[in-house]
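# Fold and contact review
The primary structure of each chain is shown beneath.
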Amino acid sequence: MEIRRIAILTLGVGTGHLRASQAIHQALHDGADDIEARTIDLLDFAEPWFLRSYVYPYWLTLRRAPSVWRKVFEIRQRGRIKKAIPDWLLRRGFRPVLARLQASRPHLVIATERGAARLAALGRREGWFDAPILAAQTDFCSVPSWAGNEIDVHCVGSEEAKGQMISWGVSANRIVNCGVPIDPAFALSFDRAELRRAFGLHPKQPVVLVMGGGIKPAPLDTIIQSLEMCNHPVQVLALTARDGSMRQRLEAMRGKLALDLHVFGWSGSIPELMASADLLITRPGGLTTSEAMASGLPMILAFPVAGMEEQNLKFLADRNVGIVASGPEEIPSLVSGLLDDPKLLEALSARGQEMSRPDSAHGVAQVARALLEKATYIDLLAAPLPVSGESAYLM
């Protein structure tokens, strides 16, 4: 039996791209003994000078000068910036990644971040490897930098993203709407009472989950302090991901607030945390919101990162699957209003589940296996594209 090697390239600037890569990795291995998938986070292998000169300043701009980044994003959306970094610099900055691809000789490369997709295209063009490239997008909208001619197949997060890609010149035959790739565990039925006992929660009092890590973390401490003003004695689950300083600040707040606060760092129990909650407060990242919709968890959306998350926010708000908070001062009244209106909570939950794509990662994996079989996208042309509410499996 021939083992087919798949390299999943990502850029762990936040937790979303990593979770998407993990979901695809798991889906590729489900029931497939002939697959050997490896995830490569470009940040783990980038040259230190490249991180200092280009990656970290990018993060700093997002955090400290969002209006500047928003302007850059708008220019990119109009297609006036094709490449933020020249090829020769990208090659030098990520040469260790290209060397790993050359040594491992993958049969397929999957990219879950647009910088990773561009590096994959560069690597194949220059002969570091010879394999098809599949780009798996992790947002509901797209950007022109995804629309490279060297990508064999694009798996996108929505019909809107597909339409954008077509408008930028990508053949519709190369685009499959699989949804944002998430772990199917988010759609499982959990025993909420049992979960609340496991997390040390009161079984009857409402539970609010607060998330928002990544490039520009949401001000979780400010959000949680505002929840003291709610009309209900809420219990709060706070997920800080990799933000160690925020976790320390929240731990120091425990016992000083008129609410029951539980703090988590990087956690593999996000499906269980969502299943135990009545409401989620989060930034509108593609992964977190897709996971919440699959879980049937109503959302309050706030503090979007300039650019793509603002696009996600509009996408979700237009479809009435989330309530938008323009600032922390609005959160107490929004939370109180939702908890006072069970029918509205149920409606938000139902709309989210109707839009959700819990089998999205398996859809991406199915496209990947088709590429492995023929090393071409031609066999995908006859397969009906999945629509919201139906399976994302192609075959």
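See the structure shown above.
This text gives an overview of the structure that appears in the document. (Residues numbered from 1 in each chain as written. Predicted model: local features only at pLDDT ≥ 70, side-chain atom pairs only at ≥ 80, totals over all residues. Heavy atoms only, no water.)

Looking only at helices and strands, the chain features 17 helices and twelve strands. For the chain, whose C-alpha radius of gyration is 21 Å, the value lies close to the compact-globule estimate of 21 Å for 395 residues. A principal-axis box enclosing the C-alpha atoms of the chain has dimensions of 60 × 45 × 35 Å. By residue count, 55% of the 395 residues in the chain fall in the buried class. Pairs at least 24 residues apart make up 70% of the contacts formed inside the chain by residues separated by at least 6 positions. Looking at the chain, you have 43 positive and 42 negative side-chain charges, and the mean spots of the two groups are 7 Å apart. (Helix = DSSP H or I, 4+ residues; strand = E, 2+ residues; numbered from the N terminus. Rg over C-alpha atoms; globule rule 2.2 N^0.38 Å. Buried < 20%, exposed > 50% of the residue type's maximum accessible area, 1.4 Å probe, protein only. Contact = heavy atoms within 4.5 Å. Lys, Arg positive; Asp, Glu negative; His and termini not counted. Charge placed at Lys NZ, Arg CZ, Asp CG, Glu CD.)

Another aspect to go through is the pattern of salt bridges. Tallied over the entire structure, the rule returns 19 salt bridges. A salt bridge links E251 to R247, with the shortest nitrogen-to-oxygen separation between them at 4.0 Å. With a gap of four residues between them, E251 and R247 both fall in helix α11 (residues 244-253), about one helical turn apart. In this structure E251 comes out as partly exposed when scored by relative accessible area, which is 32%. The class for R247 is partly exposed, based on a relative accessible area of 36%. When salt bridges that share partners are traced, they join D87, R118, R125 and E150 into one network. (Salt bridge = Lys/Arg side-chain N within 4 Å of Asp/Glu carboxyl O.)

The next subject is the sheet that holds strand β7 (residues 207-210). Strand order across the open sheet formed by six strands is β9-β8-β7-β10-β11-β12, with parallel pairing between neighbours. Both outer strands of the open sheet, β9 (260-264) and β12 (323-324), are each paired with one neighbouring strand and no more. Where strand β11 (residues 299-301) and β12 come together, two bridges link them in parallel fashion. Following the sheet pairing, L301 is matched in β12 by V324. (Pairing = 2+ DSSP bridges.)

On to the sheet that holds strand β4 (residues 133-136). Here six strands make up an open sheet; going across it, the order is β2-β1-β3-β4-β5-β6 and the pairing parallel. The sheet terminates laterally at β2 (35-41) and β6 (175-177), the two strands that pair on one side only. Sheet twist, expressed as the average angle between the axes of neighbouring strands with direction ignored, equals 20 degrees. Sheet topology places strand β1 (residues 4-10) next to strand β3 (residues 108-111); four bridges connect them, and they run parallel. Looking at the pairing, L9 lines up with A111 of β3. Against the sheet, helix α17 (residues 360-374) touches β1, β2, β3, β4, β5 (153-156) and β6, its axis set at about 170 degrees to β4. (Axes fitted to C-alpha atoms, helices over the stretch in contact; angles between N-to-C directions.)

The next thing to look at is the side chain of T240. Note that T240 resides in the loop between β8 (235-239) and α11. The contact partners of T240, leaving out residues within four places of it in the chain, are L220, M246, R247, L250, V263, F264 and G265.

We now examine the pairing of β1. Among the seven residues in β1, six count as buried, and that is most of the element. As defined by bridge partners, β1 adjoins β2 across seven bridges and the pair is classed as parallel. Considered in β2, the bridge of A7 is made with R38. Chirality of the crossover, the property in question, places the unit of β1, helix α1 (residues 15-29) and β2 among those that are right-handed. (Right-handed = clockwise from strand over helix to strand, strands pointing away.)

Attention now goes to the packing of aromatic side chains. Under the definition given, this model contains five aromatic pairs. Seen from their ring centres, F50 and F94 are 4.9 Å apart, and the 65 degrees between their planes marks the pair as edge-to-face. On the criterion of sequence distance, the pair formed by F50 in helix α3 (residues 48-64) and F94 in the loop between α5 (87-93) and α6 (95-104) is long-range, its members being 44 residues apart. Taking the relative accessible area as the measure of exposure, F50 reaches 2% and is therefore buried. (Phe/Tyr/Trp six-rings, centres within 6.5 Å; stacked < 30°, edge-to-face > 60°.)

Attention now moves to the environment of M1. Among the structural elements, M1 can be located in the segment before β1. Spatially, the C-alpha atoms of M1 and D33 are 9.0 Å apart, while their sequence positions differ by 32 residues. In contact with M1, other than residues within four places in its own chain, are D33 and D34.

Remember that the coordinates give geometry; whether it matters functionally is a separate question.
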